[in-house]
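Summary of structural features
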Amino acid sequence: MKLYIVDLTPLLGFLTPWFVSAVVLGLSVVLPARRVLGYVRDERTGQLLRYRLNGPLVFVVTIGLWLLAGYSGPMPWDWLWAHRWSGAAGALALGIVASAVVVLTAPGRGGSVLKEFYLGRRLNPRMFGGRVDAKMFLYVFGATYLELNLLSFAVHHYSTFPGDPSPAVLLYVALFTWFICDYLVFEPVHLYTYDLFAERVGFKLVWGCLFFYPYFYGVGLWAAADLPNPHAPIWLLVLSALVFFAGWSLARGANMQKFHFKLDPERTFLGLFRPEAISDGERRLLCSGFWGVSRHVNYLGEILMATGLALSLGYPTLLASWLYPLYYVLLLVPRERDDDRLCAAKYGALWDEYRRRVPWRIVPRVY
Ligand code: NDP
């Protein structure tokens, strides 16, 4: 009698994102959270939404569990690298299934089903009796799983080239970890962003956070983890960190200045930027500091951060690492146009005045 032994590891690789998403969701429900009043209003009641936010804690506990699982055996630290293709397929399938569940369980909005599947029906769905906001969970999952992928890919690199590992891999993971932790630390600021007030929960957002965010953002390391140390000159690594932090200062600075302006329009930001605003007597727009140099200098910041990350791998001619900054250009240029249209409709003549005062869309004096 022949005994067939089926290798289940590809299936386990496929199921890993499903399992991790269940862990992150469970932790989001049970871990303590700070309660924050949001910026977006409930569609039905018109009341400001309240949030339970515990992203940083969920992140730390998940990374801790991953470390423990690698140390004690069930999931080696390079598991996500070894099963990156089946894991990506699993995340892709999870994104499709979760999108279908979120969209098809909501009442239709009268448009085409395909369009509603892509853009979503519900604006701010909640889970577990309101304990978890679907959008905020999706972002925490995407950020946490991206970090796990980066750590696992780096483990693969360091175990493949123990004698001459690339310090650029360490730099790349450190900069990306900064990017992820920055998002989590400033989680409440995200409540004031376009995704929260303008986008519905459909395939774009669900699949984007469950698959695209954790698997595509680290595409540079996906390509470079298997490559030997490029012995990049130190000036290139320093330059990449400078470009990254210049971008971070623009993005974080602009977001924080607007956040504080919304909470207290008179407050001087960082003790440096006295708020100058234009007003139509009812509404105000900030036109000083970061918001005086271009109308979306934060988008320039994101593109610079992505450029710094692409350079930090030490392989400036590696095409895969440039896909990430290219993605930001393709995402943010049309998004700025959409936001501009939205604001023109919302603010009318006040927005025209702002455009006159601050003529640049994203890059001062260029675009
Ligand atoms: P913004 O933070 O620029 O928000 C735009 C909104 O801000 C407008 O709709 C308007 O909303 C308000 N606003 C615009 N101009 C002014 C002004 N002069 N004064 C006061 N309010 C103003 O864009 P996003 O929400 O798109 O992005 C938020 C952050 O997230 C950015 O840093 C962006 O780069 C980042 N991001 C990151 C991504 C990633 O994958 N890492 C992807 C996309 C974005 P209102 O009328 O309600 O005040």
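Residues numbered from 1 in each chain as written. Predicted model: local features only at pLDDT ≥ 70, side-chain atom pairs only at ≥ 80, totals over all residues. Heavy atoms only, no water.

Glancing now at the layout of surface pockets. Here the second largest pocket is characterised by a volume of approximately 400 Å³. Those elements giving two or more residues to the lining of the second largest pocket turn out to be α1 (9-30), α4 (84-104), β3 (126-127), α6 (134-160) and α10 (203-216). Here the element with the most residues in the lining of the second largest pocket is α4; it accounts for 5 residues. Here the residues of the lining of the second largest pocket sort into 15 nonpolar, 2 polar and 2 charged. (1 Å grid on protein atoms, 1.4 Å probe; cavity = no way out; pocket = protein on both sides within 12 Å on 5 of 7 lines; lining within 4 Å. Points joined across faces, edges and corners; volume = space filled by probe spheres on them. Helix = DSSP H or I, 4+ residues; strand = E, 2+ residues; numbered from the N terminus. Nonpolar A, V, L, I, M, F, W, Y, C, P; charged D, E, K, R; others polar.)

For the rest of this paragraph, the subject is the pattern of salt bridges. Taken as a whole, this structure holds 14 salt bridges when the rule is applied. Linking aspartate 338 and arginine 341 is a salt bridge whose minimum nitrogen-to-oxygen distance equals 2.7 Å. Of this pair, aspartate 338 and arginine 341 both sit in helix α15 (residues 319-347), 3 residues apart, which is roughly one turn of the helix. Through salt bridges with shared partners, a single ionic network connects Arg295, Glu336, Asp340, Asp352, Arg355 and Arg361. (Salt bridge = Lys/Arg side-chain N within 4 Å of Asp/Glu carboxyl O.)

On to the domain arrangement of the protein chain. The assigned domain composition of the protein chain is domain 1 (1-227) and domain 2 (232-367). With 26 residues of domain 1 in contact, the opposing surface of domain 2 contributes 31 residues. Summing the contributions of domain 1 and of domain 2, the shared interface buries around 2700 Å²; its carbon and sulfur component is 75%. On the domain 1 side of the interface with domain 2, the three residues burying the most area are Leu175, Tyr192 and Tyr194, jointly 22% of the side's total. Taken together, domain 1 and domain 2 are joined by 2 salt bridges. Residue aspartate 195 is joined to arginine 335 by a salt bridge in which the shortest nitrogen-to-oxygen separation is 2.5 Å. At the boundary of domain 1 and domain 2, one finds 4 residue pairs in polar contact (both at pLDDT 80 or more). Counting only elements with at least two residues in the side of domain 1 that touches domain 2, the list comes to α7 (167-185), α8 (187-190), α9 (194-198), α10 and α11 (219-224). If one sorts the elements of the side of domain 1 that touches domain 2 by residue count, α7 sits on top with 8 residues. Here the residues of the side of domain 1 that touches domain 2 sort into 23 nonpolar, 1 polar and 2 charged. (Domains from an automatic or database assignment. Contact = heavy atoms within 4.5 Å. Buried area = accessible area lost by both parts, 1.4 Å probe. Polar contact = N/O pair within 3.5 Å; in protein donor to acceptor, adjacent residues only side chain to side chain.)

What follows covers the nonpolar core. Soluble globular proteins tend to pack their nonpolar side chains together in the buried interior. The biggest cluster of nonpolar side chains holds 106 residues, and the ones touching the most others in it are Phe176, Phe179, Tyr217, Leu221, Tyr324 and Tyr328. Per element, the largest residue contribution to this core is 13 residues, and it comes from α6. Filtering out sequence-adjacent residues up to four positions away, tyrosine 217 remains in contact with Leu146, Tyr172, Phe176, Phe179, Phe212, Tyr324, Tyr327 and Tyr328. (Core = buried A, V, L, I, M, F, W, Y, C linked by side-chain atoms within 4.5 Å. Buried < 20%, exposed > 50% of the residue type's maximum accessible area, 1.4 Å probe, protein only.)

Phi at histidine 231 takes a positive value of approximately 50°, unusual for a residue other than glycine. Tracing the backbone shows histidine 231 in the loop between α11 and α12 (234-263). Taking the relative accessible area as the measure of exposure, histidine 231 reaches 53% and is therefore exposed. Despite not being glycine, arginine 365 has its phi angle at roughly 70°, a positive value.

A separate point is the pairing of strand β2 (residues 48-53). Where strand β1 (residues 34-41) meets β2, 5 bridges bridge the pair, whose relative direction is antiparallel. Looking across to β2, one finds that valine 36 is bridged to tyrosine 51. Between β1 and β2, which pair antiparallel in sequence order, lie 6 residues; one of them, glycine 46, sits at a positive phi of approximately 80°. (Pairing = 2+ DSSP bridges.)

Taken as a whole and judged by the stated rule, the model has 38 aromatic pairs. Note on tyrosine 39 and phenylalanine 197: the rings are 6.2 Å apart at their centroids and 70° apart in plane angle, and the pair reads as edge-to-face. One end of the pair, tyrosine 39, is in strand β1; the other, phenylalanine 197, is in helix α9, and 158 residues separate them in sequence. On the basis of an interplanar angle of 50° and a centroid distance of 6.3 Å, the ring pair of tyrosine 139 and tyrosine 183 is categorised as tilted. Here tyrosine 139 is found in helix α6, whereas its partner tyrosine 183 is found in helix α7, with 44 residues between them in sequence. By the burial criterion, tyrosine 139 is buried, and tyrosine 183 matches it. The ring of tyrosine 51 carries the charged tip of arginine 126 above its face, separated from the ring centre by 4.7 Å. Lysine 346 extends its terminal NZ or CZ atom over the ring of phenylalanine 197, reaching a point 5.5 Å from the ring centre. (Phe/Tyr/Trp six-rings, centres within 6.5 Å; stacked < 30°, edge-to-face > 60°. Lys NZ or Arg CZ within 6 Å of the ring centre and 35° of its normal.)

This brings us to empty space enclosed by the protein. The final tally for this structure, using the stated rule, is 3 cavities of 30 Å³ or more. Taken as a whole, the largest cavity encloses approximately 90 Å³ of empty space. Lining the largest cavity we find Ser28, Arg52, Leu53, Asn54, Gly55, Arg131, Val132, Asp133, Met136, Phe137, Val140 and Glu187. When residues of the lining of the largest cavity are traced back to their parent elements, those giving at least two are β2, β4 (132-133) and α6.

When you line up the elements, glycine 292 lands in helix α13 (residues 290-293). With a relative accessible area of 29%, glycine 292 lands in the partly exposed category. Ignoring any residue separated from it by four or fewer positions in sequence, one finds glycine 292 in contact with Cys287 and Val358.

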